[in-house]
Every structure is written in structure tokens, then in C-alpha cells.
Amino acid sequence: MPSLGATYGRGAATLPQWDVANADAILIMGSNMAESHPIAYRFVLQAKQKGATVMHADPRFTRTSAMADLYAPVRAGSDIAFLGGIIRHILENDLWFREYALHYTNLATIIDERFRGADELDGVFSGWDEEGRRYVYDSWQYEGMTVPSSLAEHHVNTTESFNDETKRLSHAPVPQDLTLEHPNCVYRIMRRHYARYTPEMVERVTGCPADVFLKVCEALTRNSGRERTATICYAVGWTHHSTGVQIIRAAAIIQALLGNVGRPGGGILALRGHTSIQGSTDIPTLYNMLPGYLPMPHAYKPHDTLKDYLEIEETPTGWWSNFPKYAVSLFRAWYGDAATPGNDWGYDWLPRIVGDHSQLPLTLAVRDGIIKGLFVMGQNPVVGSSNAGMVRRGLANLEWMVVRDFTETETAAFWHHGDARPQDIATEVFLMPCTFAGEKAGSFTNTHRLVQWHDAVVEGPGDSRSELWFMHHLALRVKALYAGSTDPKDAPVRHLTWDYPVRGPKQEPDAEAVLKEINGYTWASDPAERRQIADFKDLKDDGSTACGCWIYCGAFPADDHNKTRDRTPDGPDGPGTHLNWAFAWPSNRRTLNNRASADPDGKPWSERKRLLWWDAEQERWTGHDEPDFPEEKPPHFEPDWDSKPTGMDAITGNDPFIMIADGKASLFVPSGLKDGPLPTHYEPLESPVPNPLYKQQGNPTAKRWEHDDNELHPIGDPAHPYVLTTYRLTEHHSGGAPTRSVPTTAELQPEGFAEIPPELAAELGITTLDWVVLETARGAIETRALVTERLRPFVIDGRRVHQIGMPWHYGWHGYATGDIANVLTACVGDPNTSMHENKALTCALRKGRLAR
Amino acid sequence: MTRRTIADRARGFLREWSIPRQIAGQSHRDEAARSSLSRDLRPRLEEADTVGTGICPYCAVGCAQRLYARDGRLIHVEGDPRSPINQGTLCPKGAATFGLLTSPQRLQHVLYRAPHADRWEVKPLDWAMDRIAALVKRTRDETFVRELPDGTRVNHTLGLASLGGATLDNEENYLIKKFFSGGLGMVWIENQARV
């Protein structure tokens, strides 16, 4: 999550889920938590029982709204207008937590004098390159200092030499004006930027009545400060937008201004949707990162040699200055003895990315025949991908495809459904049965970074195998095929370390051996001589340590201790951080940035909100959690600027955000984000209305893949007048395979439907259970109508706008079926993440059925 | 077996019926709720010969489960009461985990669809693994690029791609990334993080 990464330093939930019970106010937005994460919602209700105010802002009135104290209806895609309004309310009424925000954020930092905001330039920032449709970042930097990003790609393109400029961070403290009078300090810039986000404007853009909006502002600010904390919970209702990253950024700014980060009951809880989606981001099956948020080498960046790569991506100050240790230890783990100082530890064997290889362009590359062979493991893109009809038709251009799942999915069956003509499709398809947790051992990382082990209790049926088995035995076979090759292109296959022990008649690899490598050990050619490393502080850049993912160091700290399997919760009288229940990255820290739970002097802000504090006698940080800060760095530590300090030596004793180069939460993000240093309201790419806030209609840097099977509707398109938002049901999961094929969950939600507000249903003569047709430029589907007051029309800028909602789980396979909602959606993306915009698009609706 | 008289059965019914006992002061939660049926009921879990710790395979909340098996067959899945996350509870999806693992729609064997064929055929696992390994090598060899025409080193193949990972174990993700990226030079590697 680049949003939280760019603001706080790490792209992950800042607090454990159970800590939500300690909040005094909870704002849920971009999430239907009660239905999508019901077990986590228990903590919201526990907080409510203790007196917390629960608020829900959402386009639909859901069960989350029903249990909340306050429901704020907002039009899909207008979230930044709402959150920007909260930021304005906080700043204009002086409701921010002064001692916290002044010291722990970059509120007082002075920005380059060339900077011009979206308030001046009508919706774009200075540095806009109209021809390249991108920003040049020089004018967003701190005065006289260039700041590297804390995201995986630390290096960004600037016109001046990026690295020479960032080194100035070691020369002096960042330029600040603690009186906040300087016209270009972040505080002044933010006040100008958000001045137009008044309650009246919030109502005009979002449709939420101004008095309801102000109640949300009041409850949030009243419950933040020394004695009280508020939590914000969000899910994919925020990420699935062309402005998704900046929506979450806006929430992160609110929490930093109110002093709610790193403290009990405070923070941002990102609610993620798949069991190990956090783990598969940390250990990324993603194109742009290596494990532990290291950047993937890029052909068009100065990444030619290891020296270039390390130099350009190392940040001079803050924790990320340790980057070379993590990179070299990873290469040692992958290439073993073949990695030597002479060959740059095998750096040259790594593939280079050349652009955006994420899921949306991937599906386009399949359609265009660039990709010949595709593996699909536990995913169902024919249901789950944007523009699903195009995705399904595109699969026919593959030479071969391997689908690994527990049942025949729509993806596996693309060649024999609907209009597909098998005789014309040359694709060779393998459908291989997989096993589940319970039939295989391994670890999942949950939504709050908790890495939990699961046992193998029974064998999977028939020829089903784990992905661990599949990857292991595929790798052995392919390595054998390349064993005699002398072609340099085959060197990485031959040199890749692959000595995992197997057990049993099925030759299942030992998952603990893999976790041990992920955790890291001292390097020795002989596995018997390797020793587990307990903490990433012990990793080295000289090849003496091997580590598959540095942030997981400590998950398997000793040969006989798999910490992810620890199962001792705190008792009712314990501190409630549950340090002996599994392992949380990094270093078992449960609340990120928890140095911020103490004041600049190192004392808890209040007795009620104690978490971590400075023990002057022991001269170390102590408390209920593992410190997310150097244990022995005193609160009054000041860098010795004459010595040009680097790394953590340049971070003061009251800079809690150690992954950021200056140790402070970035309200204003100088580099790393492609669409602006401050969140700005843009309309969704398909919107029924012009942007009431700026001339700039949509996110100027948003990704569009223009093609005749991926067309977008014009603004205010009379042919597609309604807003469509897609969502999840409690009883179904994502692409639907693991619930539509299970009798109980299928019975609970047996058939697809669309939710339609009564006013629109009356206009079109639709009643509940009628067949209706939804249509966009990408495709048309039919489903059953569910007429409900849960959806309501909005008056946006004087115009009535109807919204329709549709769950996206359904497909034609399994016991519970329905048309695929994603046939309607388009491939468009957030510029930072390439995340699609399936939460806010436009569509047509009519009563009737499709002619098939 | 002796045949019971109507009077016996009436007495039995009255003895088993909860309402009179509640009127007599017994608690509806406890004594008055008992009957000969409930006395004879035994928890399924008593029959288990194996129990293991599990984590729910659906969303990312991370609810802990206990999996019970007898003679190598799964007999029950329930929330783990020790967990600070779910404290023994599960949602409708998590509670369906047993149904997921025992779904009648689970595949037992590898299915293969040959080019232009209109049906699946069952194939041996070993055959499929060998065939896939050969296809991987063929496609990689056909599409691997060491350098672009301008001399820029890329060392990659754009001909192979992988989707998925968010439903899999960390260890599985690690082997996918290590082998596909670090070994084969694939760059199209993605999971559900952007879905």
C-alpha cells in the first residue's frame, strides 16, 4: 500500500485488529466491515460497548451502517472530497494535536519555493508535463534537499541528480519553521490546498448533508488527543479507484494531524481480502518488488550494476540505509555459493522490468499474444479481473495455461463456455487439483502483519498437491532440463539454490525449511552449519548472511523455534499485545511507529493510552510492545550534524517514523507518488458529473489502456447515466470458487443480483426479482433486481444521480451462479498501483433479459 | 423390548418436557434443558484421533481454527478459542471451511485439454509435470531476451506469466518468486493485491 508507505514508512496496517477495541471513535469508510470482515468487526462493537462512537461513510447503507452511531452517505468515488473536508475542518478550527503533529510529522517543513499547489493551478501541481502526462518532482522537494521515497522504489526521476541531492539530508536537519508562519511550510500549503473543501462543498460533491459531515468531524476530533484515540478502518472500497492511493493518504494525514498513529486504539487498519494477501505483498508475487520491499531492477533506471543499484536505491538517512544488507543477503539466499563479490552476488542474473507488468497490462498482453504460457494459481481472473469478457476471450491466444485450483473455475473452463468455439482454440490447458491449509503446512500473514502457521492435519484427496510441491518439483524438472547448458541465459536456473528436504511418499517439501530460508541464516555451503538469525540487525552486506525476506527475520529465530506457531495469548490481565501469539513483522512489533505513543520527552501522552515509554534508569525504551525504534536511543538524542551522519544516526530521539528519511510522517509527500504530494479530489474516470472542485476532471496521471474492447464512457454520458459500484457478500469470497462450490455458502447466497434504489426502480418500472440488463461499453449482463432503500439517489452539484450496486463474486460454475459483474468494468488504473476503478463507473440499466 | 403403555409414555414426556421443570424453578440454560436425548449426545470431537492448528483460508482477518480428524479423514473444523483475533468464533465463510475441504466438486485428478479438443481428459500427475516443464523450457528458450537492441541488459522473458499468490502460503509465494523471477527471468508475476 504505497499510501501508508509514503506517509508512515510501511505499507501495512499500523495496529493489530484487537486494538480497535481500545478506540474512542472509529470511522469505517471504503469498507463494509460488518459483512466483509465480520470477525474483525467484533472489536468495533467491543469499543462501542465501552462508549466509542462508531461512524460509517459509504455509498450503501449496509449492516455496518446499521450498527454504527452515525451513517454518512457518500457518492461512490467522492471520498477525497469528504476526507479533504475533514482535514480543512481540523486545520481551520485548530483541532490538531499540536505537540504530536509539530514534532512527529513534516507539518513545519519548508517546501521548495517553486512549488505551486492544485489550488493555484486548478487541479494539477507544479511540475506537470502535459506531453509526457507525468510530473517532474523537483518542485515538490524540501527546500534545498531532495528526499527519497520510503516505498520500494526509493529512487525517482528528477531533472537534477537525485542522489547528489538526497545526500544533503546528511548535512543538516530538514528546513523547518516551528512557528508555522513560513508561507511554504507544509501547514500553510495544506491550509491553502484544502481551503475550498468546505462543508458546503463536501455536500455538493459527495451528496452527504453538511450537518452529517460535521458530526463526523466533531466525533473524530473530540475523540483524539492526549487522553483519547480514534481508528480509521478501510478496505478495497478505497483502493479500487483511480485515486485509491490518495484516498488512503487523506486518511493517513487526518490520523497524523490528530496524533492517532502508533498509539493504543489509534491508527489505520487496512482490511485486506485474501488470507495471505499481506504475505504475498511482503514476499511479493508481484512484478515490481523483490522480497521485503526491495525494488525490482529496472532496465530504464540507473540499475546497470549492483553498485549502481545499491547506490541509487539506498537512502542516506533513516532505517532504509540498511538496504544493501538486505539485498546482498537475498542474493546469497537465491544463488548460494555461485554468488560471489566478483559477480556482484549474482545481481546480473535477475530479470529487469521494462514497464508496468501488473495484472491489467498482463491481461492485455495475454490478449495480444505477447504472453504464450500462463500459470494461474488460486486466482480466477475470468470472474475477478476488470473487463472480464476481454480477459476470457484473450485466454484463447495463449499457447498453454496451467490452472491450479480445487475445482473447475471459469478461468480453467474459458474454452468451452458461452460463445467460445473449442475447435478454434489451440490453447493447451492443464487443470491441476490443489490442496488447502489443513492438508498442507505453511504460514499466512494476516491483515495486521501477523504471520500464523497452519498444520497439515489430513492428506489432500487424489492427486491434489500443494503449490509448494508443484513449485519444488517443477523447479527440479526444469533445472534438470537445463543442467548441461552452457548458455549464459541459463545460468540463473542452474545456480538457483534448491535443496529443500522432502518427506513422505508424496515427496512434499518441508515448509519449515522454506520459512527458515525466508527468515535467514548465517551462510555456509553445508546446510548443517547454517545458524538461524534472530533479528535483521544481524544481517550483513558481505555475503556472510543469507535471508529470503529481511522483514520476516525473527519468524524462525532458532533451529527449533518456529515462532509463527506460538499460540500463547495474553490472559485477561495481560497487556493485550499478545507478543507470544505467532509473529508480527517487523521484529514482532504489534503497533507500528509506537515511539509516537510517548511524548517528545519519552513519557506516555496519558496513563490511559500507555504503550511504550523511555525508562531513564535502564536507559531503554520499554512497555507493552516491542519498540519500533532503536531500543537505546534516548528521546533527546540530536544528530551531530558536523559529522555528516547517515542512517539512524541522522534520526533524532523524537522521530518515530524511522522508515522515512527524515523520521517524520509525511503529510506532504515529496517523492514516491505519481499524482501529487497532497490528496486532491478528482472525479472517477467515468463520472456522471464534471468535477465541482477543479477544472481538472479526473486524475491526470491515471492509467488508461485505450483499445476498442476497453472503451470508456464520456463524462455525463446520457447513454450510461447511473453510477455502478461493485461489492462483496459475507457468504462469498472474491472470484467465488471457494464458496460457490461449497454447499452451505452457496445455499446462503444462491444467485447473483443487483441492488437498485426504489426511486430508480419506479422510473424504470422494475420490481424485486425482475430480470434486468446492465450494460457498459465493455459488455452487457443480466441479473435479478433487488429494489432496496439501502441505496439512495444523490443530488450532486444540482443534479440527481442514481447508484446501482452489484456483488462481483458470481460466475457460471458451482452451485451458486450469476452473470459476471466484471464484464461491465474497464481496465483503468491508479497511477501508483495500477489498481482498477471497479468501485465507481457508469452504466445503463433496463428491465428485461439479454438475447443470447 | 417391552411395549410401553400410553401412561408410561405420557409420564416420560412430562419428565422430558422442559416447561414444567422451568415452572418448578430449574434454569432453562442448564437443568431444565436436559433430556434423555441431550444426555446421550456425544461431541463429534471425542472421536478425533488428530487435532491441528489451522488458519482460516478466506479473508485476511486470520482467524485461528482447530481441525479434527479421525483415521486420516477430516471430521470437524471450529474456531480456536485461544485466538486473540476470533476467540473461538468464525463467520459464515470460515464456518464453511469443512465444506470447502470436503466439497463434492473437488478435483481428484489432473484434467488436460489438448489443443482444439472439446473435452477434458484425465492425465497422470507425472505426465503433466513433465509436459509442463518441457513447455516452460520451450517458451522460455523462444522468448528469452538478454539485451535490447540498444544494448540495455534485460535478462528476461515476456512470454511466461504467473497469476495468483494471495490465497497461498508465504512459503509458496517465496518459491514462486524465487524460481519464476530469480531462476527463469519472468517479469509478469502478479497476484490479487491489485484485484
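Cut-offs and rules
Residues numbered from 1 in each chain as written. Chains lettered and ligands numbered in written order. Predicted model: local features only at pLDDT ≥ 70, side-chain atom pairs only at ≥ 80, totals over all residues. Heavy atoms only, no water. Helix = DSSP H or I, 4+ residues; strand = E, 2+ residues; numbered from the N terminus. Rg over C-alpha atoms; globule rule 2.2 N^0.38 Å. Contact = heavy atoms within 4.5 Å. Areas by Shrake-Rupley, 256 points an atom, 1.4 Å probe, with all protein chains shown as cover. Lys, Arg positive; Asp, Glu negative; His and termini not counted. Charge placed at Lys NZ, Arg CZ, Asp CG, Glu CD. Buried < 20%, exposed > 50% of the residue type's maximum accessible area, 1.4 Å probe, protein only. Domains from an automatic or database assignment. Buried area = accessible area lost by both parts, 1.4 Å probe. Salt bridge = Lys/Arg side-chain N within 4 Å of Asp/Glu carboxyl O. Pairing = 2+ DSSP bridges. Axes fitted to C-alpha atoms, helices over the stretch in contact; angles between N-to-C directions. Phe/Tyr/Trp six-rings, centres within 6.5 Å; stacked < 30°, edge-to-face > 60°. Lys NZ or Arg CZ within 6 Å of the ring centre and 35° of its normal. Polar contact = N/O pair within 3.5 Å; in protein donor to acceptor, adjacent residues only side chain to side chain. Nonpolar A, V, L, I, M, F, W, Y, C, P; charged D, E, K, R; others polar. Patch = residues over 30% accessible without salt bridge, like charges linked within 9 Å, V, L, I, M, F, W, Y side chains within 5 Å. Core = buried A, V, L, I, M, F, W, Y, C linked by side-chain atoms within 4.5 Å. Parallel < 35°, antiparallel > 145°, perpendicular 65-115°, else oblique. Left-handed = near helix turned anticlockwise from the far one by under 90°. Expected span 1.5 Å × (residues − 1).

Let us now look at the overall build of chain B. Summing up its helical and strand segments, chain B has six helices and eight strands in all. Its helices and strands taken in sequence order, chain B reads α-α-α-β-β-β-α-β-β-α-β-β-α-β from the N to the C terminus. In summary, chain B has a C-alpha radius of gyration of 29 Å against a globular reference of 16 Å for 195 residues, an excess of more than 25%. Each principal axis of the C-alpha atoms in chain B carries an extent, and together these give about 100 × 40 × 30 Å. Within chain B, counting contacts between residues at least 6 apart in sequence, those at least 24 apart form 31% of the total. A total accessible area of about 9200 Å² is found for chain B, and carbon and sulfur atoms account for 53% of it. Charge separation in chain B, taken as the distance between the mean sites of 29 positive and 23 negative side-chain charges, equals 5 Å.

It is worth spelling out the overall build of chain A at this point. Scanning chain A for helices and strands turns up 24 helices and 31 strands. Over its C-alpha trace chain A gives a radius of gyration of 26 Å, about what one expects of a compact globule, namely 29 Å for 852 residues. The principal-axis extents of the C-alpha atoms in chain A amount to approximately 75 × 70 × 60 Å. Counting all 852 residues of chain A, 71% fall into the buried class. A separation threshold of at least 6 residues defines the contact pool for chain A, and within that pool the share at least 24 residues apart is 71%. Accessible surface for chain A amounts to roughly 25800 Å². Of this, 49% is attributable to carbon and sulfur atoms. Computing the positive centroid from 83 side-chain charges and the negative centroid from 110, chain A places the two 3 Å apart.

Let us now look at the domain arrangement of chain B. Looking at the assigned domains, one finds that chain B contains domain 1 (6–40), domain 2 (44–101) and domain 3 (110–194). Computed over C-alpha atoms, the centres of domain 1 of chain B and domain 3 of chain B are 65 Å apart.

This next bit is on the domain arrangement of chain A. In many reports, interface size means the accessible area that the parts give up when they come together. Residue and element names in this part refer to chain A. Here chain A is described as being made up of domain 1 (2–270), domain 2 (288–353 + 515–551) and domain 3 (703–847). Averaged C-alpha coordinates put domain 1 and domain 3 at centres separated by 29 Å. Contacts between the two partners involve 27 residues from domain 1, matched on the other side by 26 residues from domain 3. Buried area between domain 1 and domain 3, summed over both chains or domains, comes out near 2300 Å², and the portion from carbon and sulfur atoms is 57%.

Looking now at the pattern of salt bridges. Considering all chains together, one arrives at 65 salt bridges over all chains under this definition. Note that R392 of chain A and D419 of chain A form a salt bridge whose closest N and O atoms lie 3.1 Å from each other. Separated by 27 residues along the polypeptide, R392 of chain A in helix 18 (residues 388–394) and D419 of chain A in the loop between strand 11 (400–405) and strand 12 (428–433) bring together distant segments of the chain. The exposure class of R392 of chain A is buried, given its relative accessible area of 14%. Between E142 of chain B and R138 of chain B there is a salt bridge, with its nearest N and O atoms 3.8 Å apart.

All names here are of chain A. With parallel pairing, five strands are arranged side by side in an open sheet as 3-2-1-6-7. Taken across any chain shown, the strands that pair with only one partner, and hence form the sheet edges, are strand 3 (70–73) and strand 7 (267–270). Going from strand to strand, the sheet's axes swing by 15° on average, the running direction of each strand aside. Pairing analysis gives five bridges linking strand 1 (residues 25–29) to strand 2 (residues 53–58), with the strands arranged parallel.

Glancing now at the packing of aromatic side chains. One pass over the full model with this rule turns up 42 aromatic pairs over all chains. For the pair W320 of chain A and W550 of chain A, a centre-to-centre distance of 5.5 Å together with 75° between the ring planes defines the contact as edge-to-face. Separated by 230 residues along the polypeptide, W320 of chain A in the loop between helix 14 (306–313) and helix 15 (323–335) and W550 of chain A in the loop between strand 18 (545–546) and strand 19 (583–584) bring together distant segments of the chain. One aromatic cluster is present, built from ring pairs that chain together F115, F125, W128, Y135, Y137, W140 and F668 of chain A. The ring of F43 of chain A has R42 of chain A sitting right over it, with the charged end atom 5.3 Å from the ring centre. Sitting above the plane of the W127 of chain B ring, K123 of chain B keeps its charged end 4.4 Å from the centroid.

Before going further, it helps to spend a moment on the pairing of strand 13 (residues 442–445) of chain A. Here strand 13 of chain A shows a buried face lined by G442 and F444 of chain A and a second buried face lined by S443 and T445 of chain A. Hairpin remark: strand 13 of chain A followed by strand 14 (residues 450–454) of chain A, antiparallel, with four residues in the connecting loop; positive phi at R449 of chain A, about 70°.

Take the interface of chain A and chain B next. With 166 residues of chain A at the interface, the matching set in chain B holds 118 residues. Taken together, the two surfaces of chain A and chain B that pack against each other cover about 12300 Å², and 64% of this comes from carbon and sulfur. Its largest share of buried area at the contact with chain B, chain A owes to I39, T285 and K489 of chain A, together 6% of the area lost on that side. If you look at where chain A meets chain B, you find ten salt bridges. Note that R138 of chain B is salt-bridged to E399 of chain A, the shortest N-O span being 3.1 Å. At the boundary of chain A with chain B, the tally comes to 80 residue pairs in polar contact (both at pLDDT 80 or more). Here the element with the most residues in the side of chain A that touches chain B is helix 19 (residues 467–482) of chain A; it accounts for twelve residues. A class-by-class count of the residues in the side of chain A that touches chain B yields 88 nonpolar, 54 polar and 24 charged. Sheet topology note: the strand 12 of chain A/strand 4 (residues 110–113) of chain B ladder contains three bridges and is antiparallel.

What follows is about the pairing of strand 2 of chain A. Residue and element names in this part refer to chain A. Burial of strand 2 is extensive: six of the six residues sit out of reach of the surface. Because side chains alternate across strand 2, one face comprises the buried residues T53, M55 and A57, and the other comprises V54, H56 and D58, equally buried. Here strand 2 pairs with strand 3 via four bridges, running parallel. When the sheet's bridge partners are listed, A57 is paired in strand 3 with A72.

Once that is clear, we can look at a positive patch on the surface. All names here are of chain B. Residues R3, R4, R9 and R15 make up a contiguous surface patch of positive charge. Here R15 is to be found in helix 1 (residues 6–16). Residue R15 is classed as exposed on the basis of its relative accessible area, which comes to 59%.

In most cases, non-glycine residues show a negative phi, while peptide bonds are predominantly trans. Along the chain, W585 of chain A connects to P586 of chain A via a cis peptide bond; the corresponding omega equals -10°. Residues other than glycine seldom take positive phi values, yet N155 of chain B does so here, at roughly 50°. Along the chain, the position of N155 of chain B falls in strand 7 (residues 153–163).

The next point concerns the nonpolar core. Residues and elements named next belong to chain A. Ranked by size, the top nonpolar core spans 141 residues in total, and within it F82, I86, W96, M190 and L257 carry the most contacts. Looking at this core, the element that brings in the most residues is helix 12 (residues 244–257), giving nine residues. Dropping the residues within four chain positions of it, L257 is found in contact with I87, I90, L91, W96, F97, A101, L107, M190 and L667. Judged by nonpolar contacts, the second largest core, of 106 residues, contains L468, L474, C549 and A598.

All names here are of chain B. In space, the three strands of this open sheet follow the order 1-2-3, with antiparallel pairing throughout. With one partner strand each, in any of the chains shown, strand 1 (50–55) and strand 3 (73–79) form the two edges of the open sheet. Looking at each pair of strands side by side, their axes are set apart by 25° on average, direction ignored. Of the pairings in the sheet, the one linking strand 1 to strand 2 (residues 64–70) comprises six bridges and is antiparallel in character. The residue of strand 2 that forms the bridge with G52 is L67.

Look at helix 21 (residues 511–519) of chain A against helix 6 (residues 170–183) of chain B: their axes get within 9 Å of each other, and the N-to-C directions meet at 70°. In this view, helix 21 of chain A runs roughly perpendicular relative to helix 6 of chain B, as classed from their interaxial angle. Two packed elements cross with a definite hand, and for helix 21 of chain A against helix 6 of chain B that hand is left-handed. On helix 6 of chain B, the residues that touch A511, V514, L515, E517 and I518 of chain A of helix 21 of chain A are N170, E171, Y174, L175 and K178 of chain B. Broken down by class, the residue content of the contact of helix 21 of chain A with helix 6 of chain B amounts to six nonpolar, one polar and three charged.

Residue and element names in this part refer to chain A. If you check helix 15, its first and last C-alpha atoms are 19 Å apart, about what 13 residues at 1.5 Å a residue would give, namely 18 Å. Most of helix 15 is tucked away, with twelve of its 13 residues classed as buried. Of the residues making up helix 15, those classed as buried are F323, P324, Y326, A327, V328, S329, L330, F331, R332, A333, W334 and Y335. A positive backbone phi angle near 55° is found at G336, which sits one or two residues after helix 15.

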